[in-house]
Amino acid sequence: VELVFVDCSGRDVYLDLISRTWDNASMILAVVDVTEEDTYTRAKAMIELVKKKNADKKLPGVILANKTDLTGRRSVPPKVGSDLAASLGFLYFECTAREYKGIEEPFFYLANEWYKLHSETAESMANVA
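Below, the structure is looked at part by part.

How each quantity is defined
- Going along each chain's sequence as written, the residues are numbered from 1 onward.
- Confidence filtering applies because this is a predicted model: local features only for residues at pLDDT of at least 70, side-chain atom pairs given and counted only at 80 or more, and all residues used for totals across whole chains, interfaces and linings.
- Only hydrogens and water are set aside; all other atoms, that is, all heavy atoms of the structure, feed into the side-chain values.
- Here the rule is simple: two strands pair whenever DSSP picks up at least two bridges between them.
- Per the convention used, a helix needs a DSSP run of H or I reaching at least four residues, while a strand needs a run of E reaching at least two, with both numbered from the N terminus.
- In this analysis an axis means a line fitted to C-alpha atoms, helices contributing only their contacting stretch, and an angle means the value between N-to-C directions, from 0 to 180 degrees.
- Note on contacts: a residue pair is in contact if any heavy atoms of the two residues lie within 4.5 Å.
- The crossover handedness rule: strands pointing away from the viewer, path from first strand over the helix to second strand clockwise, crossover right-handed.
- The term salt bridge refers to a side-chain nitrogen of Lys or Arg lying within 4 Å of a carboxyl oxygen of Asp or Glu.
- Remark: exposure states derive from per-residue accessible area (1.4 Å probe, protein chains only) relative to the maximum for the residue type, with buried under 20%, exposed over 50%, and partly exposed in between.
- Polar contact criterion, stated in full: a pair of N or O atoms within 3.5 Å, where within protein one must be able to donate a hydrogen and the other to accept it, and residues adjacent in sequence count only if both atoms are side-chain atoms.

1. Some thoughts on the sheet that holds strand S3 (residues 91-94)
Alright, step 1. With parallel pairing, the 3 strands of this open sheet are ordered in space as S1-S2-S3. What marks the edges here is a single partner per strand, and that holds for strand S1 (28-33) and S3. Adjacent strand axes in the sheet meet at a mean angle of 20°, parallel and antiparallel pairs treated alike.
Alright, step 2. The strands that helix H3 (residues 78-88) touches are strand S2 (61-66) and S3; relative to S3, the one it contacts most, it runs at about 150°.

2. Details of the pairing of S3
Alright, step 1. One ladder, built from 4 bridges, connects S2 with S3; its direction is parallel. Of the residues in S3, the one forming a bridge with Val62 is Leu91.
Alright, step 2. Regarding topology, H3 serves as the crossover connection from S2 to the parallel S3, and that connection is right-handed.

3. Considering the pattern of salt bridges
Alright, step 1. The full count for this structure, using the stated rule, is 8 salt bridges.
Alright, step 2. In this structure, Glu94 engages Arg74 in a salt bridge whose closest nitrogen and oxygen atoms are separated by 2.5 Å. With a gap of 20 residues between them, Glu94 in strand S3 and Arg74 in the loop between S2 and H3 connect regions that are remote in the sequence.
Alright, step 3. Residue Glu94 is classed as partly exposed on the basis of its relative accessible area, which comes to 28%.

4. Quick word on the side chain of Glu113
Alright, step 1. You can see Glu113 is positioned in helix H4 (residues 104-128).
Alright, step 2. Here Glu113 falls in the buried class, since its relative accessible area comes to 9%.
Alright, step 3. Reaching out from Glu113, the side chain makes a polar contact with the side chain of Lys116 at a distance of 2.8 Å.

Geometric descriptors of this kind do not, in isolation, establish any biological role.
Now the structure itself:
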């Protein structure tokens, strides 16, 4: 399985440029910062835009909270992230990229979801033929 990710940083300045790549999304990975609460709001808005552009598909996804190693600066509790993920039908993971902890699990999950989606599609097409 090869996964291609499009990084849009959650900034509105990139919205027009990057939104064209969302037309045929297969899944969503939104990375948020546990020290910046506004990243959760921006991530939710971006996810809703991607889902709207792909309304005819089920898009599996992940909210990945980064910078968990910055415990003294953490301003967003895990429950906020897990509630956001649940409200979007996604799974919630936490990681620290600096210490390389919790990084692999969300990617393994997404790869497995992609495989399941495309296996189902291939099966459906085989049954039609």
